[in-house]
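# Structure at a glance
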Amino acid sequence: MDLRKNFFSRRGIWIYLLAFAPFVLITLHAIIDRSEMNSPMSAMHNDTEILAGIFQFFYLRFAIFFGCLGIFTWLFRGEVIEKSLHYYFLAPVKREVLLLGKFVGGVVTSVTLFGLGVLACFSVMYAHFGPAGQFYVFSGPGMGQLLAYLGITALACIGYGSIFLMLSLLIRNPIIPAAIVLGWETFSPVLPSLVQRFSVTYYLKQLCPVSIPLDGLMALFTVVSEPVSTFAAILGPIVLASLVLVLACKFVRRFEISYAAE
Amino acid sequence: MSTVLGDREQVTGKREQPESIVSTASISSTQAAPLDNRIVLQNVSKFYGEVLGVNRVNLSIPPGVTGLVGPNGSGKTTLMNLMTGLIRPTQGCVSVLGIPPDRPEELFRKVGYCAQFDSFPKGVTGFSFVYNTLRLHELDDHESVRLTLEALGRVSMTEAANRKVAGYSKGMRQRIRLAQAIAHHPTVLILDEPLNGLDPMARAESLELFQALGKEGLHVIISSHILHEVDKMSDQVILMSSGYVVAEGQIHAVRTEVKEHPMQILVRCSDPNLLASRVFAQDHVVEAKLVDDRKGVLVRTRDADAFYLLLNQLVVKDNISLETVAPADDDVNSVYQYLIGSENKTI
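Every chain is numbered on its own, with residues counted from 1 as its sequence reads. Note on labels: chains are lettered from A, ligands numbered from 1, in written order. Only residues with pLDDT of at least 70 get local features here, since the model is predicted, and only at 80 or more are side-chain atom pairs given and counted; chain-wide, interface and lining totals rely on the full set of residues.

Moving on, we get to the confidence of the model for chain A. Residues with a pLDDT of 70 or more make up 89% of chain A, whose mean pLDDT is 84. Per-residue confidence from the predictor is given as pLDDT, running between 0 and 100. Only DSSP runs of H or I covering at least 4 residues are called helices, and only runs of E covering at least 2 are called strands; the numbering of each starts at the N terminus. Within chain A, helix H1 (residues 2-7) of chain A has the poorest average pLDDT of any element, 71, and helix H5 (residues 95-127) of chain A the best, 93.

Right, dumping it as structure tokens:
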């Protein structure tokens, strides 16, 4: 039921746009670039960095963040606004199970949408290089990069999703707390590394397969001052999400239906 | 019997199985509903911030049809939401058949709730609305389909089942919500104004359904503003006003306890003038009025039993032929007016 609502709802069209907007731009770039290409290898190197930039700055810090905000806050808050949440609470299912079921539904939706978006961007970016592009993807580092991007997408959806789900249980209008979370995610690099571990992007930017050479203030978004191991970087968002979901389960048990207040 | 709650007096009429008998060893268990076959609210209060929802409610509701009556804002919906765990009490505790509402995995196998909210998940048809609910009860596809069709049939919604709920009339939406509440054959059925929006035929069918369910031993709790319908279908009533339970029990027993208002008894007989003059001589008779067609007397008495005894004597002594003898205010409407009507002019 939830998957159908998440995927085929008119109010979710903007999430599709977020997921596939870079695909449209990269397609245009590929069409234009194909006619002007002189040195494929140097162009592929540039495009690899461009793709890395699109992923780290657009997908990770903007599209997935706001897409998960839209998907996960609507899981409960949307049911309250549509006055249909009581049907779920009147089912012989523990509320914690209900919450986890909705969370899984949200993760499947967000990972599918943004995963497909990343896959589409990746495919178009290298497809116009012809055999050189195929070699890079299937025999070179390309496939590893793609799998890394997809894995980071999944971890981002899990991390952000759990936070937004809990915020929607606590606060009637989660937009302001979401703005606070966005600020936290953006500026946490200037904080001590122990505090940074409570940020989703702290772990995820370490997993990005292609580093982007940036100087000055922009380096805050890509450089990690005290990196952790790859295993810890993968486990970090999962542990963070688990802790948040445990808290969310406690809150959902005490959640009261009060549509009039909405 | 009456108890004082703050500055409100709660009238408790005698029930068919008074709680004082429950503990008597000689009474078989079938004669008195044990506590795990009751809906119990113990000293329950609910405040929405500073606004009172319900205050110090003590109820023990046995099986049968219980009518929940009161004006808007009296706390009926709050009470129902407390029973189903949709809201939590500020103090006190609730248990439904011995199960607290914070165990939904047990509770909602036995409870069906048709809430007052006229809203549905987006895009559902009538069939899928009921079917999806049954799937949440861990029923397989075949059983869910069977029960869905059965529930739709009981509320006469089979033909419209495959249309989107968004295109239903108000009455159809009400019936589909009722189907969803009864589909899993609950032991307790809680219905918040289930007759709203129904045409007279549908109302009559629904009333029959509720009475049949009550006779099967289910707990059926119905809130309604239509007092004569509550009278017709209820075994016992709970009257609420401003968050307090004002009276509860069988309506006749509740009426007997309302001593500030003398009982009204209509006697149609062959010589109403003679009867009126005889009865008015009694101390317990407050008023004896001839009815408009002059074929009967409306008597107001503080002691109905004494009046009936007197009537027997007069009939024999004065050779009066009786046509009918019936209480004129032994119904929900009258009790409502006596206990609540003076505070709230309209429901």
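After presenting the structure, the write-up continues.
Okay, the interface of chain A and chain B next. Throughout, a residue-residue contact means that the two C-beta atoms, derived from backbone geometry, are no farther apart than 7 Å. Taken together, the contacts link 19 residues of chain A with 21 residues of chain B. The element that contributes the greatest number of residues to the side of chain A that touches chain B is helix H4 (residues 85-89) of chain A, accounting for three residues. The nonpolar class holds Ala, Val, Leu, Ile, Met, Phe, Trp, Tyr, Cys and Pro. Asp, Glu, Lys and Arg form the charged class, and all remaining residues, Gly among them, are polar. Per-class residue counts for the side of chain A that touches chain B are nine nonpolar, two polar and eight charged.

It is worth spelling out the pairing of strand S5 (residues 64-69) of chain B at this point. Residue and element names in this part refer to chain B. Of all six residues in S5, six are buried, a share of seventy percent or more. Note on pairing: DSSP must find at least two bridges between two strands before they are called paired. Relative to strand S10 (residues 236-241), S5 is paired through four bridges, and the arrangement is parallel. Along S10, the bridge assignment pairs Thr66 with Gln236. Note on burial: count the other C-beta atoms lying within 10 Å of the residue's C-beta; 20 or more is buried, 12 or fewer is exposed, in between is partly exposed, and C-beta positions come from the backbone.

Take the confidence of the model for chain B next. All names here are of chain B. The share of residues in chain B with pLDDT of 70 or more is 88%, and the mean pLDDT across the chain is 84. Element-level pLDDT for chain B is lowest in helix H1 (residues 19-22), with a mean of 26, against a maximum mean of 95 in strand S6 (residues 91-96). Scored below 50 in pLDDT, residues 1-9 shows 15 contacts in the model against residues more than four places distant or in partner chains. Segment residues 14-31: pLDDT under 50, and 18 contacts once partners within four positions in sequence are set aside and those in other chains are kept. Note on the complex model: pTM 0.81, ipTM 0.78.

Let's shift gears to the packing of helix H7 (residues 142-170) of chain A against helix H11 (residues 230-253) of chain A. All names here are of chain A. For helices, the axis comes from a line fit to the C-alpha atoms of the stretch in contact; other axes are also lines fit to C-alpha atoms, and the angle between any two N-to-C directions lies between 0 and 180 degrees. Here H7 crosses H11 at 20°, and the two axes come no closer than 9 Å. It follows from the interaxial angle that H7 and H11 lie roughly parallel. Here the hand of the crossing between H7 and H11 comes out left-handed. In contact with Leu155, Ile158, Gly159, Ser162, Ile163, Leu165, Met166, Leu169 and Leu170 of H7, H11 contributes Ile234, Pro237, Ile238, Leu240, Ala241, Val244, Leu245, Leu247, Ala248, Phe251 and Val252. Here the contact of H7 with H11 is composed, by residue class, of 18 nonpolar, two polar and no charged. Any angle that falls under 35 degrees is termed roughly parallel, while one over 145 is termed roughly antiparallel, one within 65 to 115 roughly perpendicular, and all others oblique. Each crossing gets its hand from how the near helix is turned against the far one by less than a right angle, where anticlockwise is left-handed and clockwise is right-handed.

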